[in-house]
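# Chains, contacts and geometry: an overview
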Amino acid sequence: MTINHFPLLGLFLGAPLLAAAQQPATEQRITTLLQQMTLAEKVGQLNQYSGRELTGPASARKDNQLNAIRSGQVGSMLNVRGVQDTRAIQAEALKSRLRIPLLFSLDVIHGYKTIFPIPLAEAASWDLAAIRLGAHVAAREAAAAGIHWTFAPMVDVGRDPRWGRVMEGAGEDTYLGAQIARARVLGFQGEKLGGTDAVMACAKHFAAYGAALAGRDYNAVDMSSQQLWETYLPPFRAAADAGVATFMNSFNTLNGVPATGNRYLQRDVLKGQWQYPGFVVSDWGSIGEMVPWGYAADKADAAQKALAAGSDMDMESDAYHNHLAQLVQEGKADVALLDEAVRRILRKKFELGLFDDPYKFSNEKREKQVLNDPQNRLAARQVARKAMVLLKNDHQTLPLRREWRRLAVIGPLAKSKRDLDGSWVPEADTTLITSIYDGLAQRLGPQTQLRYAKGCEVLGESRTGFAQAVAAAQSADAVVITVGETWDMSGEAKSRTDIGLPGVQEELFAALKATGKPIIVVVLGGRPLIFNTIADQADAILLAWWPGAEGGHALADVLSGDYNPGGKLPITFPRAVGQIPIAYNQQYSTGRPVTKPGDTRYKSAYIDAPNTPRYAFGYGLSYTTFTYSDLSISRPQLTAAETVQVQFTLTNTGPVAGEEVAQLYLRDPVASTVRPLKELKDFQKVALKPGERKTITFTLDKDKLSFYNQQLAWVAEPGEFQLMVGSASDDIRLRGKVELLP
Ligand code: GLC
């Protein structure tokens, strides 16, 4: 069964978004408005509150918020959604003296009503058009529901699977992360801000939040400037270059200074070097959190430090609301900085068109039409299929065999719906979710009988369900077991010290394995998990992440063979937590490299585990096979002004059509700063029919040979560069080299 490709994909042939230049007419309108504003009204624009209670029962918080809104003390609300509510609250804002409209914002991270796979899963597709499509559909639905601004994409490089927020990003690699950051910004914002099928995006969390010590959320971050510039900043720069409307800072400190109060990050880099025209919103309460951090003596001090450092809008800490006006009056805060922050915020409200029509995003008819557009679910299913990663497929166990007329579908997540959506789904309609069991039943029935048994819970030690599960397996021709995390085990404030399968799921697997039936394992979760016994003993393993509302259908598409999986890991799966940090581009030769397997005496190695991960960055199998051949490098040497083409032939040598993500890695073996063993420099996702071959070309220029040296200069040093083309970071198929001339 084939699913027609989402027609909106054709939309993405347009030119990339031009960085929104500042329009003179808009700037003049802002100046005129600023001149009319009182100090209190200026501070009002810098305040953002969560409005969950605004449409609920009477409460003191609700009254205070409504009064603040009516008196121009609020610039933005988050968590107010739906045309009816946004229209009602906007009307309150328009009662203020200057009738400045509110910005409505929400965490639309991987879908509004129609939930797509989590961002880490989408990254596993390595399909920039699909990723952009996911963001576009999410934006269309959110904008139709009165939302102007989403707090996405999260572009933090996430290398530590103990940190639960890896689920929200694009994984461990900077180059892939930067490409995906751009795709998501363009998907959310469209070609130009102001369309009612798009929302403002927000590059978050600025910066280096993913490097929290010990993988513990909200913790400190310490790193070299080289690391910051080489690994963590580029995806933010890519988002800024794509025209992202806003940034959000982060909860962590960077080398001892909280990001919210970090002048270097927000003023020197973002607004200075990068000339960024948008505005920065704090993360929830992060301005006030500079007090418990021990960086501010009190909230007044925090407010002063945050404004000086470039935090334009205060989400939920009340520090600006309660102290900024007085700080300005006492000469402790510069009114010019206040005016600049207000200007940045008003600029976005003008660009969205809210001064011309404050209700333009609140249209009942459009809300009904867009939120019920069946194309959105088709898109979610299409993206979910692309996100799945085939980790193992011994003896071609998959696709499911036609002769398997009785299939046991077992496990605590087999009939779950809510878990498939993952976390960060404030507006999800869980009635829309198709469970794995239902997806398989709809695709395989009636010719295949499904026998279900839960077996165990995700969490908990009870084994009472094992017998029924074993009986179901014994009565079947093959077994599909679903294992993993519940939806709230990854995400914000979900750090784990043990990233194994919770509960007794691996024991359930062992009991089913003992039946001798072919056993297919479907892994669900929001992060890399450790499941070594399953990895060794399963016949096939498919990583489905949290695939979203269409996950059940998408999984059936893949298990049945209707769709050939082509996903590749955007993040390394370790064998043991003790190997972390283990990202592929954190691997160095060292002075004592292990050169022969097993020869680890006095080498940089462990005595209790190999250095290699369970599954490497860029890894993913297919139902077909691909060969790489005929490598040619256009020139053996190049000058800084020249480029070199790396060309090879990719052939589908297997029985079915499929997609391969060909990857180009590079190593600078001798440099003034020791370089990683390999770094991703390009990739192409290529669809090939059986027997089809295609010539693939990657282009390298000086920039791709460069790194930040000890003086923090971006340099490409003359000498040899090793080139590697492969199907995964640990599956290099072709090798070559090129020399950069002085
Ligand atoms: C949270 C998150 C941030 C989110 C914000 C608003 O604490 O850190 O990513 O956008 O608050 O919900």
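Details of the structure are given in the entry above.
Scope of this entry: the structure provided in the associated data block. All values derive from a computational prediction rather than experimental measurement.

## Quick look at the site of the ligand
- In the vicinity of the ligand, the contacting residues are D107, F151, R165, K204, H205, M248, F251, D283, W284, M315, W424 and E492.
- For the ligand, an oxygen atom lies 2.5 Å from a polar atom in the side chain of D107.
- The contact in question runs from an oxygen atom of the ligand to an N or O atom on the side chain of D283, over 2.6 Å.
- Compared with its free state, where it exposes 310 Å², the ligand has 94% of that area covered by protein.
- Partitioning the shell around the ligand into residue classes produces six nonpolar, one polar and five charged.

## With respect to the environment of G411
- By secondary structure assignment, the location of G411 is in the loop between β12 (406-410) and α17 (418-421).
- Take G411: its relative accessible area is 0%, and that puts it in the buried class.
- For G411 and G465, which are 54 residues apart along the polypeptide, the C-alpha to C-alpha distance reads 9.7 Å.
- In contact with G411, not counting residues within four places along its chain, are Y452, A453, K454, T482 and L508.

## Brief notes about the sheet that holds strand β3 (residues 103-106)
- If you trace the five strands from one edge of the open sheet to the other, you get β4-β3-β2-β1-β10, paired in parallel fashion. The sheet terminates laterally at β4 (149-150) and β10 (314-315), the two strands that pair on one side only.
- Sheet analysis places strand β1 (residues 47-50) next to strand β2 (residues 76-78), joined by three bridges and oriented parallel. Bridge pairing in β2 links Q48 to S76.

## Considerations on the side chain of T673
- Tracing the chain through its elements places T673 in the loop between β20 (658-667) and β21 (679-688).
- A relative accessible area of 13% means that T673 is categorised as buried.

## Examining the side chain of R527
- Topologically, R527 is positioned in the loop between β15 (519-524) and α21 (532-537).
- Classification of R527 as buried rests on a relative accessible area of 1%.
- Among the polar contacts made by the side chain of R527, one reaches the main-chain carbonyl oxygen of M489 at a distance of 2.7 Å.
- Polar side-chain contacts of R527 include one of 2.6 Å to the backbone oxygen of K494.

## Focus: empty space enclosed by the protein
- Scanning the model with the defined rule gives four cavities of 30 Å³ or more in all.
- Of the voids in this model, the largest cavity is the one considered here, and its volume is about 70 Å³.
- Lining the largest cavity, in full, are E41, Q45, I69, G72, V74, A93, S96, L98, I100 and L102.
- Among the residues forming the lining of the largest cavity, the class breakdown is six nonpolar, three polar and one charged.

## Let's talk about the layout of surface pockets
- Taken as a whole, the largest pocket holds about 1,100 Å³ of empty space.
- Q587, Y588, N611, T612 and L677 are, among the 40 residues lining the largest pocket, the residues nearest its centre.
- If you list the elements that add at least two residues to the lining of the largest pocket, you get β25 (719-728) and β26 (731-740).
- Estimated volume of the second largest pocket: approximately 970 Å³.
- T174, W229, E230, P234 and W714 are, among the 37 residues lining the second largest pocket, the residues nearest its centre.
- Elements with a minimum of two residues in the lining of the second largest pocket: α7 (174-189), α8 (225-232), α9 (234-241) and β21.
- For the lining of the second largest pocket, the residue count by class is 14 nonpolar, eleven polar and twelve charged.

Thresholds, definitions, all that
Residue numbers restart at each chain and count upward from 1, following the sequence in its written direction. Note on the predicted model: pLDDT of at least 70 is required for a residue's local features to be given, and 80 or more for side-chain atom pairs to be given and counted; whole-chain, interface and lining totals, by contrast, use all residues. Only hydrogens and water are set aside; all other atoms, that is, all heavy atoms of the structure, feed into the side-chain values. Whether a residue is near a molecule or strand is decided by its heavy atoms; if any one of them lies within 4 Å of it, the residue is near. Pairs of N or O atoms are called polar contacts if they sit within 3.5 Å, as long as, within protein, a hydrogen donor faces a hydrogen acceptor (for residues adjacent in sequence, only side-chain-to-side-chain pairs). The accessible surface values rely on the Shrake-Rupley method and a 1.4 Å probe; as for residues, cover is taken only from the protein chains in view. Note on residue categories: nonpolar means Ala, Val, Leu, Ile, Met, Phe, Trp, Tyr, Cys or Pro, charged means Asp, Glu, Lys or Arg, and polar means any other residue, Gly included. The helix count covers DSSP runs of H or I at least four residues long, the strand count covers runs of E at least two residues long, and both are numbered beginning at the N terminus. Each residue gets one of three labels from its accessible area relative to the maximum for its type: buried under 20%, exposed over 50%, partly exposed in between, using a 1.4 Å probe on protein chains only. When checking whether two residues touch, look at their non-hydrogen atoms; a contact exists if any pair is within 4.5 Å. Only strands joined by at least two bridges in the DSSP assignment are considered to pair. Two kinds of site are reported from a 1 Å grid over the protein atoms alone, namely cavities, where a 1.4 Å probe fits but cannot get out, and pockets, open sets with protein on both sides within 12 Å along at least five of seven lines, and residues are called lining when an atom falls within 4 Å of a point. Grid points are joined across faces, edges and corners, and a volume is the space filled by probe spheres set on the points.

The values reported here are purely geometric and, on their own, carry no functional implication.
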